[in-house]
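# Examination of the molecular architecture
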Amino acid sequence: MENLLEQYSKIVGVEVINHIRQLANPLKGARILHVNSTKVGGGVAEILNRLIPLKRELGIDAEWEVITGEKEFYQCTKKMHNSLQGDRDDISSDLLAVYEKTNQENCERLREKLEQADVVFIHDPQPAAFLHFCKNRKGKWVWRCHIDVSHPYRPVWKYLREFVKDYDASIWSLSAFAQSLSHPLYLITPSIDPLSEKNIELPEKEISGFLDSWNIRRDCPIITQISRFDRFKDPIGVIQSYRLVKNYVPVQLVLAGGGATDDPEGEEVLREVRAFAEDDPDIHILELPPDAHRAINALQRGSDIIIQKSLKEGFGLTVTEGLWKGKPVIGGDVGGIKLQVINHHCGFRVNTPEGAAMRIRYLLKHRDIMETMGMNARQLVLDNYLITRHLREYLTLVVALLLGSEEKIELNYPSH
Amino acid sequence: MGNQPFRILDCALIAIATGQKAQNLREFRDILKNIHSGSIYYHFWGGLLHPHFDEPEFQNDFAVWAARDLHDLKIAEELSIIDPNIFRDIDDLRQEVIEIIEERLYASEHVPWVKAGHEFHFIRSQIVIFDSGITYDNPRKLAEAIPKMSLGSIFFHFIDARRRTPESKNDFSAWLSGFNDKYTSMISGLDEIDPYFTTLNELRQEIYNVFNNYFKGGRNGKSA
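Note that the structure is predicted; figures quoted are calculated from it, not measured.

Let us now look at the overall build of chain A. When helices and strands are counted, chain A shows 17 helices and 13 strands. Since a compact globule built from 416 residues should have a radius of gyration of about 22 Å, the 22 Å found for chain A is in line with a globular shape. Across the 416 residues that make up chain A, the buried fraction comes to 52%. Taking the contacts inside chain A whose residues are at least 6 apart along the sequence as the reference set, 69% of them involve residues at least 24 apart.

Next comes the structure, spelled out in structure tokens:
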């Protein structure tokens, strides 16, 4: 059976994979540990699910650990997440005590691995305090922030900053998110995996089968937003847009959310969305399990337009997924969506439900433009947002961290 | 032949936020005066190695910002036409940009501003250079390898070479010069390639075309 890198070379080209292999050469045998807060659900888990085996195939001793905590810990980190995205929500000292205690306990459990690793990547705020409790670390530590922290609620950021400032480097998805810290602020945009269940090609029969099972008709345009049931994703605004379109064109709306184990607020938002939809038979609200990857893939492929009307967004991997399937995307003018959705090229960025409705109507009226945008969309992702580019940047960063800090790092080579 | 083999090197770039951002043209000029030289390099050349989406309308990040966010097409055009290759070093290039902005500021009644969220974020980069382990002692063999070269190799040998070779040449031309006058026409062809207004994919094809035309005898009937 082909190894993973060979499989990717069929999509991105052999030269891209050779480039990655050579870049990884000096890192053979290096111990690299990733820590995050969930094994399933959410973009971070999806990326790590594939990055770790890829690094191992390159000869790197890569591992992935997940922290565990009680309900209160996740309440705290959810509040932290929302506050970092701008919600003015103070966190009680009791909850912060749970946060620190949970970090300390998990750090204790993983101490040996954490101390021995050459490079440790800590993802997002949940395990950010690890460094504080790991005094005898040997390697370089990097904090990877996947959230839009462009306008954080300052008291919460100040609290977290105390834990983050001593890292050797941090990684941010966009320069607008990077907060002032004295270590290097690397910029790496996330990516999708073209070989994952969520992104591989699917037979038409399977797509139809999924849509039939949810009573979604193929003879009426389908607009889909896939995301957690989270207020920052503005599901209510999406329904408002749908209603504005429905006055002129027959259309169906799909709101599909996969749960994540670290998101306690989801159920409450889902209830609000169901109430707002008022049993409209053309609004399909699907609560999908975190591993419903093929179902999500089928939904995206079966849709005419993908919508991601977020009010705040980290990078927006559901946008990338939609683009990869050759669909025009209508996205909120925030975060990483600004980088991915290029107006008139592969979709439209909008600021209001009215704006989204206007663009949906425009696209449904101009099928030829939708098709051209779909082709542009796929090429955009092929060139910029696949996991192979992500892997290359991680490797470059690790080489830079371990082997030099200059602007130009030359791994020993003779001159011509 | 008396020439060292051509060793294919490769490079990968990683972007680093400097934390400096400008909301208007005056702030932009002030930051430019002192920003890390790597940031000037990144915003002129880095675009070739970091994600970009379509045919770049303007040829460097400064010009793109001026057009899309400042909505000042005059200065966008003036910044876009700057050819970074003709400057002796990054500081000369920096000075050229500053002078263009100062002229614009002098001629403007108002300092152009952008709305919140559209600031120019100064970014710098680190480049890791590594050895592919492949060498060629014969230009014909090198020609055959060009279509399979990584874009990092093309960047290193054709773009980055300009800031580390004495005559600001690309590595291919420099190497071919070591064969006395045998490849003069091919060197001219390579030197005539404008590495701007292009993508690395297109640049790789242009370089290959020069080599290929030469060896097919298409350029001036010469053959090696």
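This part takes up the overall build of chain B. Check the secondary structure of chain B and you find 10 helices and two strands. Element order for chain B, N to C, with α for helix and β for strand: β-α-α-α-α-α-β-α-α-α-α-α. Seen along its three principal axes, the alpha-carbon backbone of chain B occupies a region of about 60 × 35 × 30 Å. Looking at chain B residue by residue over its 224 residues, the buried ones come to 40%. In chain B, 69% of the contacts between residues at least 6 apart in sequence involve partners at least 24 apart.

Of the residues lining the interface, 34 residues belong to chain A; the matching set on chain B comes to 30 residues. The set of elements that each furnish at least two residues to the side of chain A that touches chain B consists of α2 (14-24), β6 (185-187), α16 (367-384), α17 (387-403) and β13 (408-410) of chain A. Of the pairings in the sheet, the one linking β6 of chain A to strand β1 (residues 6-22) of chain B comprises three bridges and is antiparallel in character. Note that in β1 of chain B the partner of Leu187 of chain A across the bridge is Ala15 of chain B.

With that settled, the discussion passes to the domain arrangement of chain A. All names here are of chain A. As far as domains go, chain A holds domain 1 (4-191 + 387-403) and domain 2 (204-384). Contact with domain 1, which involves 22 residues of that partner, is made by 20 residues of domain 2. With five residues, helix α4 (residues 71-84) is the single largest residue contributor to the side of domain 1 that touches domain 2. Here the residues of the side of domain 1 that touches domain 2 are counted per class, giving five nonpolar, 13 polar and four charged.

Next up on the list: helix α7 (residues 151-159) of chain B. Each α-helix turn comprises 3.6 residues. Residues three or four places apart therefore point the same way. Most of α7 of chain B sits inside the fold, with nine of its nine residues counted as buried. Those residues of α7 of chain B that are buried lie in contact with α2 of chain A together with β1, α2 (37-45), β2 (120-136), α8 (171-176) and α10 (200-215) of chain B.

This part covers the packing of α4 of chain A against helix α8 (residues 154-164) of chain A. Residue and element names in this part refer to chain A. Taken N-terminus to C-terminus, the directions of α4 and α8 make an angle of 115°; their axes are 8 Å apart at the nearest point. In terms of orientation, α4 lies roughly perpendicular with respect to α8. Of the two possible hands of crossing, α4 and α8 adopt the one that is left-handed. Contacts between α4 and α8 involve Met80, Ser83 and Leu84 from the former and Val156, Trp157 and Leu160 from the latter.

Our focus in this paragraph is the domain arrangement of chain B. All names here are of chain B. Partitioning chain B into structural domains gives domain 1 (12-124) and domain 2 (137-215). With centres defined by C-alpha atoms, the gap from domain 1 to domain 2 works out at 28 Å. Facing seven residues of domain 1, the contacting portion of domain 2 comprises eight residues. A class-by-class count of the residues in the side of domain 1 that touches domain 2 yields four nonpolar, two polar and one charged.

A few words now on unusual backbone geometry. Residues and elements named next belong to chain A. Not every positive phi belongs to a glycine, and Asn215 is a case in point at roughly 60°. Mapped onto the secondary structure, Asn215 falls in the loop between α9 (204-213) and β7 (222-226). We note that Asp279 has phi near 55°; this positive angle belongs to a residue other than glycine. Within the secondary structure, Asp279 sits in the loop between α11 (266-277) and β9 (283-288).

What follows concerns the pairing of strand β2 (residues 61-66) of chain A. Residues and elements named next belong to chain A. Summarising the sheet, strand β1 (residues 31-36) and β2 pair through six bridges and their orientation is parallel. Counted as the bridge partner of Val35 is Glu65 from β2. Running through helix α3 (residues 43-57), the crossover from β1 to the neighbouring parallel element β2 is right-handed.

Another point: the sheet that holds β1 of chain B. With mixed pairing, the nine strands of this open sheet are ordered in space as β2(A)-β1(A)-β3(A)-β4(A)-β5(A)-β6(A)-β1(B)-β2(B)-β13(A). The sheet is open, and its two edges are formed by β2 and β13 of chain A, each paired on a single side. In this sheet, adjacent strand axes meet at a mean angle of 25° when their direction is disregarded. Pairing of strand β4 (residues 140-145) of chain A with strand β5 (residues 169-172) of chain A involves four bridges; the strand directions are parallel. Bridging from a neighbouring strand, Val142 of chain A pairs with Ala169 of chain A of β5 of chain A.

All names here are of chain A. Within α8 the residues assigned to the buried category are Val156, Leu160, Phe163 and Val164. The buried side chains of α8 occupy one side of the element, clustering within an arc of 90° when seen end-on. With respect to the buried face of α8, the exposed residues turned more than 90 degrees away are Arg154, Lys158 and Glu162. Tucked into the core, α8 has its buried residues touching α4, α7 (130-133), β4 and β5.

All names here are of chain A. Two elements in contact, α2 and α17, have axes whose closest approach is 10 Å; the angle formed by their N-to-C orientations is 20°. If you check the angle between α2 and α17, you find them roughly parallel. For the element pair α2 and α17, the recorded crossing hand is left-handed. Across the interface between the two elements, Val16, Ile20, Leu23 and Ala24 from α2 touch Thr388, Leu391, Arg392, Leu395, Thr396 and Val399 from α17. The residue makeup of the contact of α2 with α17, split by class, is seven nonpolar, two polar and one charged.

As for its position among the elements, Gly152 of chain B is in helix α7. When the 28 C-beta atoms within 10 Å are taken as the criterion, Gly152 of chain B is described as buried. Separated by 56 residues in sequence, Gly152 of chain B and Tyr208 of chain B have C-alpha atoms that sit 15 Å apart. Setting aside its immediate chain neighbours within four residues, Gly152 of chain B contacts His19 of chain A together with Asp10, Cys11 and Ala12 of chain B.

This part covers the pairing of strand β11 (residues 329-332) of chain A. Residues and elements named next belong to chain A. For strand β10 (residues 305-308) and β11, the ladder comprises three bridges, and the chain directions are parallel. By the bridge assignment for β11, Ile306 is matched with Val329. The parallel pair β10 and β11, bridged by helix α13 (residues 317-324), forms a crossover whose chirality is right-handed. In terms of strand pairing, β11 meets strand β12 (residues 347-350) through four bridges, oriented parallel. Opposite Gly332, over in β12, you have Val350 as the bridge partner.

About the thresholds
- Residues numbered from 1 in each chain as written.
- Chains lettered and ligands numbered in written order.
- Predicted model: local features only at pLDDT ≥ 70, side-chain atom pairs only at ≥ 80, totals over all residues.
- Helix = DSSP H or I, 4+ residues; strand = E, 2+ residues; numbered from the N terminus.
- Rg over C-alpha atoms; globule rule 2.2 N^0.38 Å.
- Buried ≥ 20, exposed ≤ 12 C-beta atoms within 10 Å, placed from the backbone.
- Contact = placed C-beta atoms within 7 Å.
- Pairing = 2+ DSSP bridges.
- Domains from an automatic or database assignment.
- Nonpolar A, V, L, I, M, F, W, Y, C, P; charged D, E, K, R; others polar.
- Axes fitted to C-alpha atoms, helices over the stretch in contact; angles between N-to-C directions.
- Parallel < 35°, antiparallel > 145°, perpendicular 65-115°, else oblique.
- Left-handed = near helix turned anticlockwise from the far one by under 90°.
- Right-handed = clockwise from strand over helix to strand, strands pointing away.
- Arc of directions from axis to C-beta.

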